[in-house]
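Letter by letter, the chains look like this.
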Amino acid sequence: MQSENEIRNKMVQTGRSFFERGLSGGSSGNMSALLPDGCLLVTPTGSSLGGLIPERLSKISPNGEHISGDKPTKEVFMHQACYASRPDCKAVVHLHSPYAVAISCLADLQPDDCLPAITPYFVMRIGSLPLAPYIKPGSEVIGEQIRTLLPGRVAVLLANHGPVVTGKSLDDAANNSEELEDSCRLFLMLKGHKVRLLTEEERLALINKN
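Anyway, here's the lowdown on the structure attached to this text. None of the values given here were measured: they were computed from a predicted structure.

1. What about the overall build of the protein chain?
Turning to step 1, where the next piece is worked out: Helix and strand content of the protein chain: seven helices and eight strands.
Turning to step 2, where the next piece is worked out: Its C-alpha radius of gyration of 17 Å places the protein chain within 12% of the 17 Å reference for a compact globule of 210 residues.
Turning to step 3, where the next piece is worked out: A principal-axis box enclosing the C-alpha atoms of the protein chain has dimensions of 50 × 35 × 30 Å.
Turning to step 4, where the next piece is worked out: A buried classification covers 48% of the 210 residues belonging to the protein chain.
Turning to step 5, where the next piece is worked out: A separation threshold of at least 6 residues defines the contact pool for the protein chain, and within that pool the share at least 24 residues apart is 64%.
Turning to step 6, where the next piece is worked out: Counting only carbon and sulfur atoms, one obtains 51% of the accessible surface of the protein chain, whose full area is about 10300 Å².
Turning to step 7, where the next piece is worked out: If you average the places of the 21 positive and of the 23 negative side-chain charges in the protein chain, the two averages end up 2 Å apart.

Rendered as C-alpha cells:
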C-alpha cells in the first residue's frame with residue numbers, strides 16, 4: 001500500500017500530466033484518492049490540475065470533516081458518492097476532457113449505456129457507461145445520481161458536464177479516464193460511417209475473461 005506522501009506526489013504528477021495534454025484545462029476537473037488511514041485526499045477548489053502542490057491538497061476525514069490543506073473542491077460530495085457506491089474504489093477522476101464532454105452534450109443518448117462497444121479496450125476498462133441527466137454543477141443531487149448509477153460500473157457520464165471515473169488506484173482511475181476519452185474520440189471520428197461494433201458474444205467474452 002502506498003503511503004500518504006506517495007499518494008500526494010502521485011496526484012500532483014497525474015494532474016500535471018492531464019493538464020499538459022489538454023485533458024482538463026484552466027481550473028476544471030478534480031481528483032481524489034483514498035488514504036491508508038481511511039481519509040480522502042482531494043484536489044482543492046479552484047485549483048488547476050497542472051499546478052497542484054502536495055501539502056496543499058485537501059484531507060477529508062471519513063465523516064467528511066476538513067482536516068488539513070486548502071478548501072476541497074465543491075464537488076467533494078460527488079467523490080464521496082463514488083466511494084460509497086463501489087467498495088473497491090480507491091480513486092476518482094473527474095475531467096472536463098473535450099471528447100467525453102462533447103459526447104455528454106449529444107442529444108438522444110441511451111441513458112443506460114451511452115457509448116457503444118467500439119473496441120475491446122473500452123469494454124475491458126469501462127464496460128458500460130450510464131448517463132446522468134443534466135444537473136447544475138456543484139449540486140449535491142449529482143451525488144445522488146452517482147449512488148444510483150455507479151454500482152457495478154466504473155464510470156458515469158454527466159450530461160453536458162463530463163465523466164466521473166473510478167479506479168482501484170490513482171493510476172487505474174487515470175488509465176480508465178484516458179481509455180474513456182480515447183473511446184469518445186473514436187466514436188466522434190466514426191460518426192456518419194458504417195461501423196462494426198463488438199457483438200454481444202464478443203463483449204461478454206471480454207467481460208468474463210477480465
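2. Considering the pairing of strand β1 (residues 30-34)
Turning to step 1, where the next piece is worked out: Buried residues dominate β1, accounting for four of its five residues.
Turning to step 2, where the next piece is worked out: When β1 meets strand β5 (residues 91-94), the two strands line up antiparallel, connected through four bridges. Looking across to β5, one finds that A33 is bridged to A91.
Turning to step 3, where the next piece is worked out: Of the strand pairs in this sheet, β1 and strand β2 (residues 40-42) are connected by three bridges, and their pairing is antiparallel. By the bridge assignment, S32 is partnered in β2 with V42.

3. With respect to the environment of V101
Turning to step 1, where the next piece is worked out: Inspection of the secondary structure puts V101 in helix α3 (residues 98-104).
Turning to step 2, where the next piece is worked out: Sequence separation between V101 and P116 is 15 residues; the distance between their C-alpha atoms is 16 Å.

4. Thoughts on the sheet that holds β1
Turning to step 1, where the next piece is worked out: Pairing is mixed across the open sheet formed by eight strands, whose spatial order is β4-β3-β2-β1-β5-β8-β7-β6. Either end of the sheet is taken by a strand with one partner, and the two such strands are β4 (66-68) and β6 (131-132).
Turning to step 2, where the next piece is worked out: When strand β7 (residues 155-158) meets strand β8 (residues 162-167), the two strands line up antiparallel, connected through four bridges. In the sheet register, L158 faces β8, and the bridge partner there is G162.

5. What about helix α5 (residues 141-149)?
Turning to step 1, where the next piece is worked out: Restricting attention to buried positions, one finds in α5 the residues I142, G143, I146 and L149. The buried residues of α5 occupy one face: seen down the axis, they fall within an arc of 135°. Opposite the packed face of α5, turned more than 90 degrees from it, sit the exposed residues E144 and T148.
Turning to step 2, where the next piece is worked out: Contacts made by the buried residues of α5 are with α2 (76-85), β6, β7 and β8.

6. A closer look at helix α1 (residues 4-20)
Turning to step 1, where the next piece is worked out: For α1, with 17 residues, the first-to-last C-alpha span of 24 Å sits near the 24 Å given by 1.5 Å per residue.
Turning to step 2, where the next piece is worked out: Buried within α1 are the following residues: I7, R8, M11, V12, T14, G15 and F18.
Turning to step 3, where the next piece is worked out: Residue G22 follows α1 closely and has a positive phi angle near 75°.

7. Things to note about the packing of α1 against helix α6 (residues 170-190)
Turning to step 1, where the next piece is worked out: Interhelical geometry of α1 versus α6 gives an angle of 15° and a closest axis separation of 10 Å. It follows from the interaxial angle that α1 and α6 lie roughly parallel. The hand of the α1/α6 crossing is right-handed. Along its contact with α1, which presents I7, K10, M11, T14 and F18, the element α6 presents L170, D171, A174 and E178.
Turning to step 2, where the next piece is worked out: Partitioning the contact of α1 with α6 into residue classes produces five nonpolar, one polar and three charged.

8. Some thoughts on the pairing of β5
Turning to step 1, where the next piece is worked out: Here β5 shows a buried face lined by A91 and V93 and a second buried face lined by V92 and H94.
Turning to step 2, where the next piece is worked out: In this structure, β5 lies alongside β8, joined through four bridges in antiparallel fashion. Counted as the bridge partner of H94 is V164 from β8.

9. Remarks on unusual backbone geometry
Turning to step 1, where the next piece is worked out: One non-glycine residue with positive phi stands out, namely D108, at about 65°.
Turning to step 2, where the next piece is worked out: The topology assignment puts D108 in the loop between α3 and α4 (120-125).
Turning to step 3, where the next piece is worked out: Here D108 falls in the exposed class, since its relative accessible area comes to 77%.
Turning to step 4, where the next piece is worked out: With phi around 55°, N160 is a residue other than glycine that occupies positive phi space.
Turning to step 5, where the next piece is worked out: Mapped onto the elements, N160 comes out in the loop between β7 and β8.

The rules behind these values
- Each chain carries its own residue numbering, running from 1 in the direction its sequence is written.
- Local features in a predicted model are, by the rule used here, given only for residues with pLDDT of at least 70; side-chain atom pairs are given and counted only at 80 or more, and totals for whole chains, interfaces and linings are based on all residues.
- As a convention, hydrogens and water are excluded, and side-chain values are obtained from all of the structure's heavy atoms.
- Only DSSP runs of H or I reaching four residues or more are called helices, and only runs of E reaching two or more are called strands; each is numbered from the N terminus.
- A radius of gyration in this sense is built from C-alpha atoms; the matching globule rule multiplies 2.2 Å by the number of residues raised to 0.38.
- In this scheme, a residue with accessible area under 20% of its type's maximum is buried, one over 50% is exposed, and one in between is partly exposed, where area comes from a 1.4 Å probe on protein chains only.
- Residues are treated as being in contact if the distance between any of their heavy atoms lies within 4.5 Å.
- Methods summary: accessible areas were calculated by the Shrake-Rupley approach with a probe of 1.4 Å, and residue burial reflects only the protein chains presented.
- Counting rule applied: Lys, Arg positive; Asp, Glu negative; His and chain ends not counted.
- Every charge is mapped onto a representative atom, which is NZ of Lys, CZ of Arg, CG of Asp or CD of Glu.
- Here, strands pair whenever DSSP counts at least two bridges between them.
- Throughout, the arc means the angular range of directions from the helix axis out to the C-beta atoms.
- Multiplying 1.5 Å by the residue count of a helix minus one yields the expected span of that helix.
- Whenever a helix is involved, its axis is fitted only over the stretch in contact; in every case the axis is a line through C-alpha atoms, and angles between N-to-C directions fall within 0 to 180 degrees.
- Roughly parallel means an angle under 35 degrees; roughly antiparallel means over 145; roughly perpendicular covers 65 to 115; every other angle is labelled oblique.
- In this scheme, a crossing is called left-handed if the near helix is turned counterclockwise away from the far one by less than a right angle; it is called right-handed if the turn is clockwise.
- When residues are sorted by character, Ala, Val, Leu, Ile, Met, Phe, Trp, Tyr, Cys and Pro go into the nonpolar class, Asp, Glu, Lys and Arg into the charged class, and all the rest, Gly among them, into the polar class.

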